[in-house]
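Here is how the chains run, residue by residue.
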Amino acid sequence: MKRLDDYIGIVDDSLIQEIRSRAEHLQDARIVQVNSTYMGGGVAEILSSLIPLLNDIGLRCGWRILHGTPDFFAITKKFHNGLQGEAVELSEQEKEIFLQTNQNYATYTHLTHDAVIIHDPQPMPLVMLYPQIQPWIWRCHIDLSSPNEMIWNFLKPFTEHYNKVVVSKEDYIPPDLKTPTTIIHPVIDPLALKNREMTPEETDAILTSFNVPLDKPFITQISRFDKWKDPDGVLDIFREVKKDVDCRLVLCGNMATDDPEGLQIYERVKTRVEREFPPDDITLITIANHELVNALQRRSNVIIQKSLREGFGLTVTEALWKGTPVIASRVGGIVLQIKNGYTGYLIEPTDVSEFAEHAKELLADPVKAREMGAAGKEFVRQHFLLPQLVLDEIKMLNKLLPDKKFGPT
Ligand code: UDP
């Protein structure tokens, strides 16, 4: 298990010291975090790295997963899509399945901790199903800036039972939200397999073992097969780039266990690739492997993130951390990470030709690509590495539990 001291020399010493001093009050505090998948997607990534560190600094922090049927996840995917602004329908029966799944969980799982942190909409109703003997925090990772009204009106009453709502960005706070809010940025773990240092030889060996051709420069998007990640848009960009530069494209997207649309979208993209592009120009990957993602982010000449909406975009953070230049849509949390023209390029999500122009520019100018990559890496080091989240979370818990005494029970 990783320890806070392992991050000495990676982040500033002052950050480590502040964490230690602010964690003093929270020794033995029992905290539980609840989400709905153990793999795939940014939330699972963050929790798997964060929880060991919170334990290392003296909290007793656990992780529970709300399990659901495919029906349940089809419904909660509608919430996700609806919160991001899509028009969706929700039947009374679907509302019932959603509530019943949470009810079942509450029957089987006792939450008597000192604080409960609930991630995203799937386990949101739990707050109403327990006696509220402790602070409850709703940590929403989704862009809430222009939600579908019907979905928001259904979910909003749950927020009113929470003591705190946490979002990733100021403009995600819904204007009609009554609950106090805090902004906390997601982070990446520089010591995770996905982000650890790798030699060029190791990188090439991993990519070769997954049949990624290395004979030409290549651009990559790493994202679940999801319409909001716009894999079709990436194919359009590649077609433009390919007219002038001989290169390849890699689309890598695993299937999150709580995302029922992935397979369908993958099949559609695959058909389009087979119909419209020469064989071998594009590599499609659905294998979930952290070292493969690491190697792709390191070895790609350019990383694209053509999202139409993006709560934060950890794939951008990960790629910047590897010193690889990123060209990404000017949406959601991506704008917090890329200073346009300095740590990468920010492009309007519909502007395929602008994406393609910058990809060509970076493919042709390795010096500029390296400079941009280095600036991106330093920006991530200062703002978006795991210890920063540890600090933000313990600051929030200290505020919510100011006078509480924690014992070893
Ligand atoms: N991811 C992965 N393999 C894939 C696609 C994505 O491991 O094939 C990881 C990615 O590296 C990142 C997370 O899933 O850590 C995605 O987080 P992000 O915030 O970019 O998007 P989300 O999927 O949460 O919308």
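In the annotation of an unreviewed UniProt entry, the entry for the protein chain reads Glycosyl transferase family 1, and the organism field reads Candidatus Wirthbacteria bacterium CG2_30_54_11. Of the comments in the UniProt record for the protein chain, the one headed Subunit (unreviewed entry) reads "Homodimer." Listed under Sequence similarities (unreviewed entry) in UniProt, the entry text for the protein chain is "Belongs to the glycosyltransferase group 1 family. Glycosyltransferase 4 subfamily."

Asks: Is there a simple way to think about the sheet that holds strand β2 (residues 60–65) in this case?
Replies: Backbone hydrogen bonds are what pair the strands of a sheet, in a parallel or an antiparallel way. Pairing within the open sheet is parallel, and its six strands lie in the order β2-β1-β3-β4-β5-β6. For this open sheet the edge positions go to β2 and β6 (181–183), each flanked by a neighbour on one side alone. When strand polarity is set aside, the average angle formed by the axes of neighbouring strands in this sheet is 20°. By the bridge criterion, three bridges tie strand β4 (residues 136–139) to strand β5 (residues 164–167) in an arrangement that is parallel. Bridge pairing in β5 places I137 opposite K164.

Asks: Got a minute to help me understand the site of the ligand in this structure?
Replies: Around the ligand, the structure places 17 residues, and the nearest of them are K194, R224, K229, N254 and E318. Here N254 contributes a backbone N or O atom positioned 2.7 Å from an oxygen atom of the ligand. A distance of 2.5 Å separates an oxygen atom of the ligand from a polar side-chain atom of E318. Relative to its free-state accessible area of 540 Å², the ligand is covered by the protein chains to the extent of 92%. If you list the elements that add at least two residues to the shell around the ligand, you get α2 (42–56) and α10 (314–321). Of the residues that constitute the shell around the ligand, the class distribution is four nonpolar, seven polar and six charged.

Asks: Would you take a moment to explain the state of the cysteines for this structure?
Replies: Each disulfide is one covalent bond, formed between the sulfur atoms of two cysteines. Counting across every chain of the model gives zero disulfides. Of all cysteine sulfurs in the structure, the one in C252 sits closest to C247, which takes part in no disulfide; the separation is 18 Å. Taking relative accessible area as the criterion, C247 reaches 0% and is therefore assigned buried.

Asks: Mind showing me how you'd approach the pairing of strand β8 (residues 248–252) here?
Replies: A regular strand carries its side chains on alternate faces of the sheet. Among the five residues that make up β8, five are buried, leaving the element largely enclosed by the rest of the structure. Side chains R248, V250 and C252 project from β8 onto one buried face, and the interleaved L249 and L251 project onto a second face that is buried too. When strand β7 (residues 218–222) meets β8, the two strands line up parallel, connected through five bridges. Bridging from a neighbouring strand, I219 pairs with L249 of β8. Of the crossover connections in this fold, the one passing from β7 over helix α7 (residues 231–244) to the parallel β8 is right-handed. Examined bridge by bridge, β8 and strand β9 (residues 282–285) share four bridges and lie parallel to one another. When the bridges of β9 are listed, C252 appears paired with I285.

Asks: Would you mind showing me how to read the UniProt feature "domain: Trehalose synthase N-terminal" (unreviewed entry) in the protein chain here?
Replies: The positions UniProt marks with the feature "domain: Trehalose synthase N-terminal" (unreviewed entry) are residues 33–173. Each end of residues 33–173 is marked by a C-alpha atom, and these two atoms are 21 Å apart; helix forms 40% of the span and strand 16%.

Asks: So what exactly am I meant to see when it comes to the side chain of T343 here?
Replies: With respect to the helices and strands, T343 occurs in the loop between α11 (334–337) and β12 (345–347). Taking relative accessible area as the criterion, T343 reaches 0% and is therefore assigned buried. Here the side chain of T343 touches Q337 through a polar contact of 3.4 Å, landing on its backbone oxygen. At a separation of 2.7 Å, a polar atom in the side chain of T343 contacts the main-chain amide nitrogen of K339.

Asks: Looking at this structure, I do not really get the sheet that holds β8. What am I missing?
Replies: Taking strand neighbours across the sheet as the criterion, the six strands line up as β9-β8-β7-β10-β11-β12 in an open arrangement whose pairing is parallel. The strands lining the two open edges of the sheet, one partner per strand, are β9 and β12. Geometrically, the sheet is characterised by an average inter-axis angle of 20° between neighbouring strands, direction not taken into account. By the bridge criterion, two bridges tie β7 to strand β10 (residues 302–305) in an arrangement that is parallel. Following the sheet pairing, T220 is matched in β10 by I303. Along the sheet face, helix α8 (residues 262–276) touches β8 and β9 and points at about 165° away from the line of β9. Packing of helix α9 (residues 290–299) onto the sheet brings it into contact with β7, β8, β9 and β10, and relative to β7 it is tilted by some 140°.

About the criteria used
Residues numbered from 1 in each chain as written. Predicted model: local features only at pLDDT ≥ 70, side-chain atom pairs only at ≥ 80, totals over all residues. Heavy atoms only, no water. UniProt positions renumbered as here; feature names shortened; annotations may be inferred. Pairing = 2+ DSSP bridges. Helix = DSSP H or I, 4+ residues; strand = E, 2+ residues; numbered from the N terminus. Axes fitted to C-alpha atoms, helices over the stretch in contact; angles between N-to-C directions. Near = heavy atom within 4 Å. Polar contact = N/O pair within 3.5 Å; in protein donor to acceptor, adjacent residues only side chain to side chain. Areas by Shrake-Rupley, 256 points an atom, 1.4 Å probe, with all protein chains shown as cover. Nonpolar A, V, L, I, M, F, W, Y, C, P; charged D, E, K, R; others polar. Disulfide = S-S within 2.5 Å. Buried < 20%, exposed > 50% of the residue type's maximum accessible area, 1.4 Å probe, protein only. Right-handed = clockwise from strand over helix to strand, strands pointing away. Contact = heavy atoms within 4.5 Å.

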